[in-house]
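Inside the fold
Read off the chains here:
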Amino acid sequence: MPVIIVGGGIGGLSLALALARRGLRSVVLEQAPALGEAGAGLQLGPNAVRILEGWGLGEALREQSIAPLRAEVRDAATGRLLIVNRLGPEAESRWGAGYRVLRRTALQSMLWSAAAASGRVEVRLGGAVASARSESGRAIAALVDGGSVEGEALFGCDGLRSIVRDTIHSPTPPRYTGQTAWRGLARMAAEAEPLVQVWTGPRRHFVRYPVGGGLVNMVAVVEADEAGIESWTAEGQGAELATAFADGPEPVRATIAATASPWRSALYDRPPLPRWSRGRISLLGDAAHPMLPFLAQGAAMAIEDAEVAARLLSQGGDPAAALLTYDAARRPRTAKVQAWSRRNARLFHLPAPLSAGLFGAASTLDRLRGAAPEARFDWLYGWRA
Ligand SMILES: Cc1cc2nc3c(=O)[nH]c(=O)nc-3n(C[C@H](O)[C@H](O)[C@H](O)COP(=O)(O)OP(=O)(O)OC[C@H]3O[C@@H](n4cnc5c(N)ncnc54)[C@H](O)[C@@H]3O)c2cc1C
């Protein structure tokens with residue numbers, strides 16, 4: 001029997017490919033009529049890049065992504081540089097894999113083509129799942145259209161409002177963070193420098209990086225009261241975004257002006273779950289651990305989950321036991337990354353003197369310890385399955 005994967009986002013497709021690489025079959029049930037996502041960008045830390053390379057996507061990644069040289073954090077009011085982390089060749093030598101930025105759609109189609117080429121993955125589009133259950137020796141997904149699919153095990157890779165999660169825990173709504181994210185692609189006149197740039201300031205921050213082809217991805221986060229908007233395709237009013245950053249630095253204003261139609265969505269969060277698995281059912285990606293975007297690690301965590309889950313399932317033995325081992329292996333790490341993302345959310349929105357003080361203190365500590373600033377990320381980017 002195949003493994004049932006509910007949801008064909010980055011998490012679901014990663015799991016399908018990771019299983020296929022180990023000779024296991026899967027069926028991906030995706031509610032959308034077509035695969036694809038709003039075409040903004042994604043940062044991939046070395047922890048995710050290393051796994052993607054292991055899945056045979058190294059060449060496609062090199063062709064379709066950019067390796068930024070540095071990540072720079074600046075004060076939005078003064079433009080003052082607060083902290084720099086070296087990426088580029090330093091990332092390769094420090095963490096054994098590069099740091100990459102690319103279009104989301106590029107990653108999604110890379111995963112999809114490799115999964116399809118394996119001959120071990122069936123994707124059913126328009127396959128909305130109504131419920132999931134675990135019975136002795138099998139897992140079953142009931143489809144909204146009335147059919148059902150049986151499998152060896154079932155993974156809910158169905159995102160923030162996972163219905164599979166609701167079969168393991170009592171349903172609870174996610175928590176609105178009070179923040180709205182705007183994102184989009186800006187077409188710039190001149191090719192942008194290969195940098196990840198962040199401007200921080202009270203109640204808002206702005207991130208940009210080039211994704212190739214003259215396009216720059218932008219993410220602007222503002223504190224606002226907009227619970228309810230939860231879609232990458234909710235088209236925002238560019239003028240509203242421009243007003244929010246009207247007193248921002250010139251590169252920020254220029255990037256916003258060059259973004260044709262930004263999308264916006266409210267940001268939601270959930271506390272870590274005490275367990276992800278029951279019988280032959282488990283969770284993966286945002287369904288298990290919704291990740292705020294402030295450490296740029298949500299997709300990376302889904303990719304790590306997929307690698308660990310596929311390894312354990314391919315070892316044979318009882319699938320329910322493999323799911324429990326997966327669950328225990330992944331929860332502490334993803335909870336730590338969630339906590340760091342929340343911490344960054346606070347750090348990025350501090351008033352200037354406070355953020356300058358905190359970033360300054362971190363740099364001084366690094367110097368006193370004789371450590372490179374990048375050493376702070378060894379636990380994150382140096383992770384191996
Ligand atoms: C502003 C922003 C910027 C980000 N930037 C980064 C970044 O730079 N780097 C990074 O690593 N992460 C980033 N993230 C996080 C990352 O986007 C997510 O963590 C990741 O996409 C989660 O993938 P997923 O597959 O778990 O969930 P999703 O992408 O939500 O996919 C879930 C899929 O399940 C399907 N589905 C849902 N319900 C059902 C059902 N009942 N039946 C069938 N199908 C169903 C949905 O249609 C969807 O295709 C960012 C997030 C935000 C908000």
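In the block above lies the structure referred to throughout.
In this report, the structure presented in the accompanying data block is examined. Small disclaimer: the values here were computed from a predicted structure and weren't measured. (Residues numbered from 1 in each chain as written. Predicted model: local features only at pLDDT ≥ 70, side-chain atom pairs only at ≥ 80, totals over all residues. Heavy atoms only, no water.)

1. Let's talk about the overall build of the chain
For the chain, the helix and strand inventory stands at twelve helices and 17 strands. Against the compact-globule benchmark of 21 Å for 385 residues, the chain has a radius of gyration of 21 Å, which places it among compact chains. Expressed as lengths along the three principal axes of its C-alpha atoms, the size of the chain is roughly 60 × 45 × 40 Å. A burial count over the chain gives 55% of its 385 residues as buried. Within the chain, contacts between residues at least 6 apart in sequence are counted, and of these 75% link residues at least 24 apart. Carbon together with sulfur atoms contributes 53% to the accessible area of the chain, which is approximately 15400 Å² in total. The positive charge centre, built from 43 side chains, and the negative charge centre, built from 36, are 5 Å apart in the chain. (Helix = DSSP H or I, 4+ residues; strand = E, 2+ residues; numbered from the N terminus. Rg over C-alpha atoms; globule rule 2.2 N^0.38 Å. Buried < 20%, exposed > 50% of the residue type's maximum accessible area, 1.4 Å probe, protein only. Contact = heavy atoms within 4.5 Å. Areas by Shrake-Rupley, 256 points an atom, 1.4 Å probe, with all protein chains shown as cover. Lys, Arg positive; Asp, Glu negative; His and termini not counted. Charge placed at Lys NZ, Arg CZ, Asp CG, Glu CD.)

2. Regarding the side chain of Asn 47
Within the element layout of this structure, Asn 47 appears in helix H2 (residues 46-54). According to the relative accessible area criterion, Asn 47 is buried, its value standing at 0%. There is a polar contact of 2.9 Å between the side chain of Asn 47 and the side chain of Gln 297. When residues no more than four places from it in sequence are discounted, the contact partners of Asn 47 are Gln 297, Ala 300, Met 301, Glu 304, Arg 333, Leu 380, Tyr 381 and Trp 383. (Polar contact = N/O pair within 3.5 Å; in protein donor to acceptor, adjacent residues only side chain to side chain.)

3. Some words on the site of the ligand
Neighbouring residues of the ligand: 31 residues in total, closest Gly 11, Glu 30, Gln 43, Arg 104 and Asp 286. Contacts to the ligand include Gln 31, whose backbone N or O atom sits 3.1 Å from a nitrogen atom. Within the backbone of Ala 296, a nitrogen or oxygen atom sits 3.2 Å from a nitrogen atom of the ligand. Coverage of the ligand by the protein amounts to 86% of the 1000 Å² it exposes when considered alone. Looking at the shell around the ligand, the elements that each hand over two or more residues are helix H1 (10-21), strand S2 (26-30), strand S3 (41-44), strand S12 (175-187) and helix H9 (298-313). Sorting elements by how many residues they give to the shell around the ligand places H9 first, with three residues. (Near = heavy atom within 4 Å.)

4. Points about the nonpolar core
Judged by nonpolar contacts, the single largest core of 66 residues is most densely connected at Leu 15, Leu 44, Leu 52, Trp 55, Leu 111, Leu 154 and Phe 155. Among the elements that take part in this core, H9 stands out by supplying ten residues, more than any other. Membership of the second largest hydrophobic core comes to 36 residues, among which are Ile 66, Val 101, Val 219 and Met 301. (Core = buried A, V, L, I, M, F, W, Y, C linked by side-chain atoms within 4.5 Å.)

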